[in-house]
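# Remarks on the overall topology
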Amino acid sequence: MANSEADVSMENATLNETLANATGRIPSTPEGMAVAYSSLLIMALLPIFVGSFRSVKFLKDRKLNGEAVETMSSKDAAMFPVYASAALFGIYLVFKFFSKEYINLLLTFYFFCLGVLAIAHILSPIVHKLPDIFTNVPYHMIFTQGEGEQKEEIVNQEFDRKDLLALVVSAGFGIWYLVQKHWIANNVFGLAFSVNAVEFLQLNTVITGCILLGGLFFYDIFWVFGTDVMVTVAKSFEAPIKLVFPQDLLENGLAANNFAMLGLGDIVIPGIFIALLLRFDVSKKTNSHLYFYCGFFAYISGLVTTIGVMHFYKHAQPALLYLVPMCIGFPLFVALIRGEIKDILKYEDSPEVTKHETDNEESIKEESDEKKSK
């Protein structure tokens, strides 16, 4: 959702603060807005690009190690907007009946922990490539519960001193955010969340991706235009769930506070679909990333359109209204022209996952038929 500061979307928000006079802030200059929106566009593209290539490596490593790949099924994709709506409305009720100061205190601590781990995950490979300045000792942490046959493994994690160094550096960013809530620290957390989400949230098929994006297309429109729920939650929700960039940076420097914003949902949701397109390109083994770049270009076009419409009408816009048709339509149109529409629709990251789902559905159907026959 694209919005003004009074109408920030919790998940899907692109913000142009037009209430400067009402809040006593200096109105944004054309130059300031251009810098802010350009910066948001670049920051949005970065986690999609990096996360997509990391998702390819993640899937490859999982398969090489014989580990199961957890993907979103078509049923999960269809139900996701329902679950998201229930969660959004639940948070709305919580903020309505409880003190938002205490709730935000809990949320701050929660996102502090998540953010530190997310940054550490990104920094760890970088730290491991640095020259050894100390002896790197490996560790293996195992945590179980129960005894004998009931013994269950809860934690089985291998790490080393370089991983701990990455964690310490990440904790530094976390403390910075915790103490000052600075917009740069917020962006570091937001970018880390987005990269990890695009990497780990794996769609198995393009059809599943279309179901997910299609459902969230209507979800975004309903909660932005139909109710005040998303707006109320967003105004009360203090967490790094959005990227921000000041429109008055040229005038006030790092102390600027007239922010343009982009919700992480507007990055992650299209991002996981674009990452799937990259994995499809890689599966063809042609050294071409055609469909990935088609999706990438479509995302740029959709986001620019969102910003343009919002700026022209000076009104909140559900970003997925523009992103979803472009991110789905353009790659599929290219596939249709190239005669590869069947290939892209039949592609599966993990065929065994789909087979398992089909077997489960057949098993449930057989059980149902047996009960009817009795």
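Check the entry above for the structure.
Described below are features of the structure shown in this document. Remember, it's a predicted structure, so these values are computed and weren't measured experimentally.

Scanning the protein chain from N- to C-terminus turns up 14 helices and eight strands. Residue burial in the protein chain is summarised as follows: out of 374 residues, 45% are buried. A separation threshold of at least 6 residues defines the contact pool for the protein chain, and within that pool the share at least 24 residues apart is 74%.

Glancing now at the environment of Ala-36. With respect to the secondary-structure elements, Ala-36 resides in helix H2 (residues 30–64). With a relative accessible area of 0%, Ala-36 lands in the buried category. Residues Ala-36 and Gln-247, 211 residues apart in the sequence, show an inter-C-alpha distance of 5.2 Å. Apart from residues no more than four positions distant in its own chain, Ala-36 is found in contact with Phe-245, Pro-246, Gln-247 and Ala-260.

Orientation of helix H10 (residues 265–284) relative to helix H11 (residues 290–313), taken along the N-to-C sense of each, is 160°, at an axis distance of 7 Å. Between H10 and H11, the angle falls in the class roughly antiparallel. In this structure, the crossing between H10 and H11 has a hand that is right-handed. Contacts between H10 and H11 involve Asp-266, Ile-267, Pro-270, Ile-274, Leu-277, Leu-278, Phe-280, Asp-281 and Lys-284 from the first element and Leu-290, Tyr-291, Phe-292, Gly-295, Phe-296 and Tyr-299 from the second.

What follows is about the pairing of strand E5 (residues 152–160). When strand E4 (residues 138–145) meets E5, the two strands line up antiparallel, connected through eight bridges. Within the sheet, the bridge partner assigned to Ile-142 lies in E5 and is Asn-156. The antiparallel pairing of E4 with E5 creates a hairpin that spans six residues between the two strands, and Gly-146 there sits at a positive phi of about 85°.

As a further point, take a nonpolar patch on the surface. A contiguous nonpolar surface patch, about 430 Å² in accessible area, is contributed by Leu-46, Phe-49, Val-50, Phe-53 and Tyr-293. A per-element tally of the nonpolar patch places H2 first, with four residues. Relative to the helices and strands, Phe-53 resides in helix H2.

Here the focus is unusual backbone geometry. The backbone phi angle of Lys-285 is positive, close to 55°, even though this residue is not glycine. Among the residues examined, Lys-285 registers a relative accessible area of 75% and is labelled exposed. If you check the backbone angles, Asn-287 has positive phi at about 60° while not being a glycine. Here Asn-287 shows up in the loop between H10 and H11.

So, how was this worked out
Residues numbered from 1 in each chain as written. Predicted model: local features only at pLDDT ≥ 70, side-chain atom pairs only at ≥ 80, totals over all residues. Heavy atoms only, no water. Helix = DSSP H or I, 4+ residues; strand = E, 2+ residues; numbered from the N terminus. Buried < 20%, exposed > 50% of the residue type's maximum accessible area, 1.4 Å probe, protein only. Contact = heavy atoms within 4.5 Å. Axes fitted to C-alpha atoms, helices over the stretch in contact; angles between N-to-C directions. Parallel < 35°, antiparallel > 145°, perpendicular 65-115°, else oblique. Left-handed = near helix turned anticlockwise from the far one by under 90°. Pairing = 2+ DSSP bridges. Patch = residues over 30% accessible without salt bridge, like charges linked within 9 Å, V, L, I, M, F, W, Y side chains within 5 Å. Areas by Shrake-Rupley, 256 points an atom, 1.4 Å probe, with all protein chains shown as cover. Salt bridge = Lys/Arg side-chain N within 4 Å of Asp/Glu carboxyl O.

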